[in-house]
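Chains, contacts and geometry: an overview
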Amino acid sequence: LRQTLIKSEKLQAVEQMGAAISHEIRNPLTAAMGFVQLLKENNLPRLKQKEYLSIIKEELASAEQVIQDYLTFSKPSLETIERLNVKQELNQVINILKPTANQNSVEIITNFEMVGSIEGDRQKFHQCFLNVLKNAIESMPRGGQLFVETQYHKSQLTILVRDTGVGMTIDQLERLGEPYYSTKGSKGTGLGMMVVYSIVKAMNGAILCESEIGVGTVFKFTFPTVPLSNNIV
Ligand code: ADP
Ligand code: MG
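Residues numbered from 1 in each chain as written. Chains lettered and ligands numbered in written order. Predicted model: local features only at pLDDT ≥ 70, side-chain atom pairs only at ≥ 80, totals over all residues. Heavy atoms only, no water.

**A short note on the site of ligand 1**
- Neighbouring ligand 1 are 20 residues; Ser182, Thr183, Lys184, Thr189 and Met193 lie closest to it.
- Residue threonine 189 places a main-chain N or O atom 2.7 Å away from an oxygen atom belonging to ligand 1.
- In isolation ligand 1 offers 540 Å² of accessible surface; the protein chains occlude 96% of this area.
- For the shell around ligand 1, the secondary structure elements donating two or more residues are helix 4 (122-138) and helix 6 (192-202).
- Counting residues per element, the shell around ligand 1 draws most heavily on helix 4, at 3 residues. (Near = heavy atom within 4 Å. Polar contact = N/O pair within 3.5 Å; in protein donor to acceptor, adjacent residues only side chain to side chain. Areas by Shrake-Rupley, 256 points an atom, 1.4 Å probe, with all protein chains shown as cover. Helix = DSSP H or I, 4+ residues; strand = E, 2+ residues; numbered from the N terminus.)

**Some points on helix 3 (residues 86-103)**
- Taking 1.5 Å per residue as the helical rise, helix 3 with its 18 residues ought to reach 26 Å, and the 26 Å between its terminal C-alpha atoms agrees with that figure.
- All of the buried residues in helix 3 are Val86, Glu89, Leu90, Val93, Ile94, Leu97 and Ala101.
- Those residues of helix 3 that are buried are in contact with strand 2 (82-85), strand 3 (106-112), strand 4 (117-120), helix 4, strand 5 (144-153) and strand 6 (156-163).
- A side-chain oxygen of the first residue of helix 3 lies 3.2 Å from the backbone nitrogen of lysine 87; this N-cap is asparagine 85.
- In the segment just after helix 3, serine 105 is the residue with positive phi, at about 55 degrees. (Expected span 1.5 Å × (residues − 1). Buried < 20%, exposed > 50% of the residue type's maximum accessible area, 1.4 Å probe, protein only. Contact = heavy atoms within 4.5 Å.)

**Some thoughts on the pattern of salt bridges**
- Using the criterion set out here, one finds 5 salt bridges in the structure.
- In this structure, arginine 122 and glutamate 82 form a salt bridge, with 2.7 Å as the shortest nitrogen-oxygen distance. Of this pair, arginine 122 sits in helix 4 while glutamate 82 sits in strand 2, and the two are 40 residues apart along the sequence.
- The class for glutamate 82 is partly exposed, based on a relative accessible area of 28%.
- For arginine 175, the salt bridge identified is with glutamate 178, shortest N-O distance 2.6 Å.
- The exposure class of glutamate 178 is partly exposed, given its relative accessible area of 29%.
- Among the ionic contacts, a cluster of salt bridges with common partners joins Glu82, Glu89 and Arg122. (Salt bridge = Lys/Arg side-chain N within 4 Å of Asp/Glu carboxyl O.)

**As for the environment of glutamate 178**
- Here glutamate 178 shows up in the loop between helix 5 (170-175) and helix 6.
- It is 15 Å that separates the C-alpha atoms of glutamate 178 and glutamate 24, two residues lying 154 residues apart in sequence.
- A polar contact is formed between the side chain of glutamate 178 and the side chain of arginine 175, at a distance of 2.6 Å.

**Quick look at the side chain of threonine 158**
- By the element assignment, threonine 158 lies in strand 6.
- Leave out the neighbours within four places in its chain, and threonine 158 touches Glu149, Thr150, Gln151, Lys220, Phe221 and Thr222.

**Topic: the nonpolar core**
- Counting 46 residues, the largest nonpolar core has Phe125, Phe129, Ile159, Phe219, Phe221 and Phe223 as its most contacted members.
- Looking at which element gives the most residues to this core, the answer is helix 4, with 8 residues.
- If sequence neighbours within four positions are ignored, isoleucine 159 has contacts with Val86, Leu90, Phe125, Phe129, Glu149, Thr150, Phe219, Lys220, Phe221 and Phe223. (Core = buried A, V, L, I, M, F, W, Y, C linked by side-chain atoms within 4.5 Å.)

**Considerations on unusual backbone geometry**
- In the Ramachandran plot, serine 105 falls in the positive-phi region, its phi being about 55 degrees despite a non-glycine side chain.
- Classification of serine 105 as exposed rests on a relative accessible area of 53%.

**Topic: helix 4**
- Relative to the 24 Å expected for 17 residues at 1.5 Å per residue, helix 4 spans 24 Å between its end C-alpha atoms, a close match to the ideal helical length.
- Counting buried positions over the 17 residues of helix 4 gives 13, a clear majority of the element.
- At the N-terminal boundary of helix 4, the capping side chain belongs to aspartate 121, with an oxygen 3.0 Å from the backbone nitrogen of glutamine 123.

Now the structure itself:
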């Protein structure tokens, strides 16, 4: 059973994103603070101390995850539109993720067709594909293959990201990009795809996703390219 869905028009609520995210960060920080307070008590048994410290560590890690999904490489208020060499930018993102991929026995296979440039904010482009590729790697807990390809046709650039992971049901596919929607329990934030949709939309791009449980997932991104006559390369 193959599921297809186009969702370039999701997310009118991007404006609320900043507020929502600071809320998401504040919760674990407040929790951590509470346990730091408890740790200050005298005569706390060693075992309790250890327990509190591990809770604090978890809460801080969860705050950090929110920041990673949302802002690792981006400065949301500063938007600079540049001409992006897609092959070069994707390779940079892949290099960042190589250690994680290796750890998870995921082989990354690229095939970049000669492409022109697209326009966008470099850091946001990185953030977008970092989130997509990270999800792909996380969908293959027992290893697999991650294909990243580009195709160039007329005035359109296509970026294909395909994994051999767990796949998604139609329900999961429909909820993709919904704030805080995650199937990863405490390890997920459900913010990654929301950020992806908002960045792609801002770049006048579109996302198509096909998935099959137990087989894998393909994300197809299309972006308008900069007219050839304007190409410096
Ligand atoms: P998170 O990764 O924190 O769970 P995301 O917004 O990045 O949040 O992703 C939301 C959900 O979409 C994931 O929890 C997962 O269920 C699903 N998902 C995203 N990408 C994939 C993929 N490549 N394969 C399978 N499921 C995916
Ligand atoms: Mg994610």
